[in-house]
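Topology and contacts: notes
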Amino acid sequence: TEHWTDSLRRAAFVIGSSLVAFVAARNTVTDLAQRFWGASGDFWQSTFDTAYSFFGGTDASASLWGSIVITMTVYWSFNLLLILLDTFNWPEFLMRYKVQPDKNAPVDRRQLAKAIALVLFNQTVVGIPFSLLAYQAFRLRGGVFHGELPTLQWVILEIGVCVLAEEVFFYYSHRLLHHPSIYKHIHKIHHEWTAPIGIISLYAHPIEHVLSNLLPPCVGPLIMGSHLGTVWVWFCLALISTSIAHCGYHFPLLPSPEAHDFHHLKFVNNFGVLGVLDSLHGTDRLFRASKAYQRHFLLLSLVPVRELHPDDEKAGDKRRQAEAAK
């Protein structure tokens, strides 16, 4: 019962806070577009229609090239900033937020180049054929590729379903990849990085890329028969989420990467995305007993979590007493 209650509470918090952030971001973009760029109240519909036409004006071309270009643009734009930080350790004040401060500071450039090459291979050589198959699956399911966008309320519901579906399919596919007879041949590549950086979210054996990176995010939209616009939004959110989970930094106001960073460090805990199934199956016990678990929260201040919960508790107590005395 305790595991169920904890899991449901965790799922409700993660999904709820994510959807609140999504709505806030959407409304902010809409307001800025209308206020500064003179966009009409139909900003999102006109934006989607423009993108649909730009990527060929047909369901097949928009689904294939739109999905590839949009997701790659979001992924590399977000990770370019992290690559610059990992390579040059600048701006220096951000280095205070590293989860494992003694690792990848700076990152080995040969390892980085190897990671970039495999990620690009997965996104193109593996990703394009997969997108063609995904288009056929969505078409057979009755997915909507053009026309009127769904209401915001429906999009929120669909994204909630997508988050839960990804948790289930990623957890079990990921745990399968850790089976000894499979791990050494496939998943070991991803775990070459015991201190992950953002781009290695897609640094994986091509079989793993299909099984754990591409299939789980597709399950929710297939279940719901989603509109292509919703699919694009969900895929971008999923890419940003996994990049944050692997980034190696616990930044203020961003979701905590502590759980998945701990997975890369120890291998045997935290197989899921939300932590719901880890809680139910007890595959987070080592993590819960660790210092990383104390740091696993949304940071709402500029003080790094390693200073709030230092390895040396006595040093932390002295720091907190000094702050209280100010």
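Residues numbered from 1 in each chain as written. Predicted model: local features only at pLDDT ≥ 70, side-chain atom pairs only at ≥ 80, totals over all residues. Heavy atoms only, no water.

Right, let's get into the overall build of the chain. Scanning the chain for helices and strands turns up 14 helices and zero strands. The secondary structure elements of the chain, listed N-terminal to C-terminal, are α-α-α-α-α-α-α-α-α-α-α-α-α-α. Across the chain, every contact between residues at least 6 apart in sequence was considered, and the portion connecting residues at least 24 apart equals 70%. Working note: accessible area of the chain is about 16600 Å², and carbon and sulfur atoms make up 67% of it. (Helix = DSSP H or I, 4+ residues; strand = E, 2+ residues; numbered from the N terminus. Contact = heavy atoms within 4.5 Å. Areas by Shrake-Rupley, 256 points an atom, 1.4 Å probe, with all protein chains shown as cover.)

This part is about the nonpolar core. In this structure, Ile159, Leu228, Trp232 and Trp234 are the most contacted members of the largest nonpolar core, which totals 27 residues. Broken down by secondary-structure element, the contributors of at least two residues to this core are α1 (2-36), α2 (43-54), α4 (109-141), α5 (152-177), α7 (206-224) and α8 (228-246). It is α8 that provides the largest number of residues to this core, a total of six residues. Not counting the four nearest positions on each side in its chain, tryptophan 232 is found in contact with Phe48, Ala51, Phe55, Ala62, Gly66, Ser67 and Ile70. Grouped together as the second largest cluster of nonpolar side chains are 14 residues, Val107, Ala115, Ile199 and Tyr203 included. (Core = buried A, V, L, I, M, F, W, Y, C linked by side-chain atoms within 4.5 Å. Buried < 20%, exposed > 50% of the residue type's maximum accessible area, 1.4 Å probe, protein only.)

Before going further, it helps to examine the packing of aromatic side chains. To describe a pair of aromatic rings, one takes the distance between the centres and the angle between the planes. Under the defined criterion, the tally for this structure stands at 14 aromatic pairs. With centroids separated by 6.3 Å and ring planes inclined at 70 degrees, the aromatic side chains of phenylalanine 55 and tryptophan 232 adopt a geometry described as edge-to-face. Here the residue phenylalanine 55 occupies a position in the loop between α2 and α3 (59-88), and tryptophan 232 occupies one in helix α8, the gap between them amounting to 177 residues. Accessibility classification places phenylalanine 55 together with tryptophan 232 in one group, the buried group. Summarising the aromatic geometry, the rings of tyrosine 97 and phenylalanine 251 are spaced 5.9 Å apart at their centres and angled 55 degrees between planes, so their arrangement reads as tilted. Note that tyrosine 97 is positioned in the loop between α3 and α4 and phenylalanine 251 in the loop between α8 and α9 (258-266), a separation of 154 residues in sequence. An identical accessibility class is assigned to tyrosine 97 and phenylalanine 251; each is buried. We note lysine 98 situated over the ring of tyrosine 249; from NZ or CZ to the ring centre the distance is 4.8 Å. (Phe/Tyr/Trp six-rings, centres within 6.5 Å; stacked < 30°, edge-to-face > 60°. Lys NZ or Arg CZ within 6 Å of the ring centre and 35° of its normal.)

With that settled, consider the pattern of salt bridges. Summed over the entire model, instances satisfying the criterion amount to five salt bridges. The salt bridge involving arginine 295 is made with aspartate 311; its shortest N-O contact spans 2.8 Å. Note that arginine 295 is positioned in the loop between α12 (291-294) and α13 (305-308) and aspartate 311 in the loop between α13 and α14 (313-325), a separation of 16 residues in sequence. Take aspartate 311: its relative accessible area is 54%, and that puts it in the exposed class. Salt bridges linked by common partners bring Arg295, Arg306 and Asp311 together as one network. (Salt bridge = Lys/Arg side-chain N within 4 Å of Asp/Glu carboxyl O.)

Okay, the UniProt feature "transmembrane region" (unreviewed entry) in the chain next. UniProt marks residues 12-29, 64-91, 112-132, 152-172 and 231-251 with the feature "transmembrane region" (unreviewed entry), using the numbering shown here. Split by type, residues 112-132 is 100% helix and 0% strand. Its first and last C-alpha atoms lie 29 Å apart. In this annotation, residues 231-251 is assigned 76% helix and 0% strand; the end-to-end C-alpha distance for the span is 27 Å. (UniProt positions renumbered as here; feature names shortened; annotations may be inferred.)

We now examine the side chain of glutamate 158. Its location among the elements puts glutamate 158 in helix α5. Although glutamate 158 is buried, it makes no salt bridge; arginine 141 carries the closest opposite charge, 8.0 Å away. A distance of 2.8 Å separates the side chain of glutamate 158 from the side chain of serine 226, its partner in a polar contact. In contact with glutamate 158, other than residues within four places in its own chain, are Met224, Ser226, His227 and Thr230. (Lys, Arg positive; Asp, Glu negative; His and termini not counted. Polar contact = N/O pair within 3.5 Å; in protein donor to acceptor, adjacent residues only side chain to side chain.)

As a further point, take the packing of α5 against α8. Between α5 and α8, the least distance of the axes is 11 Å, while the angle of their chain directions is 45 degrees. By the angle between their directions, the pair α5 and α8 is classed as oblique. Pair α5 / α8 crosses with right-handed handedness. Mapping the contact onto sequence places Val155, Glu158, Ile159, Cys162, Val163 and Glu166 in α5 and Thr230, Val233, Trp234, Leu237 and Ala238 in α8. (Axes fitted to C-alpha atoms, helices over the stretch in contact; angles between N-to-C directions. Parallel < 35°, antiparallel > 145°, perpendicular 65-115°, else oblique. Left-handed = near helix turned anticlockwise from the far one by under 90°.)

For serine 290, the position within the fold is in the loop between α11 (285-288) and α12. When its relative accessible area of 14% is taken as the criterion, serine 290 is described as buried. Among the polar contacts listed, one links the side chain of serine 290 to the backbone oxygen of phenylalanine 287, at a separation of 2.6 Å.

The next thing to look at is the packing of α3 against α4. For the pair α3 and α4, the least separation of the axes is 10 Å and the interaxial angle reads 165 degrees. Of the possible angle classes, the one that applies to α3 and α4 is roughly antiparallel. Crossing angle aside, the handedness with which α3 passes α4 is right-handed. For the pair α3 and α4, the contacting residues are Asp59, Ala60, Ser63, Leu64, Trp65, Ile68, Met72, Tyr75, Trp76, Ile83, Thr87 and Phe88 in the first and Arg109, Leu112, Ile116, Val119, Leu120, Gln123, Gly127, Ile128, Ser131, Leu132 and Tyr135 in the second. Of the residues belonging to the contact of α3 with α4, the class tally is 16 nonpolar, five polar and two charged. (Nonpolar A, V, L, I, M, F, W, Y, C, P; charged D, E, K, R; others polar.)

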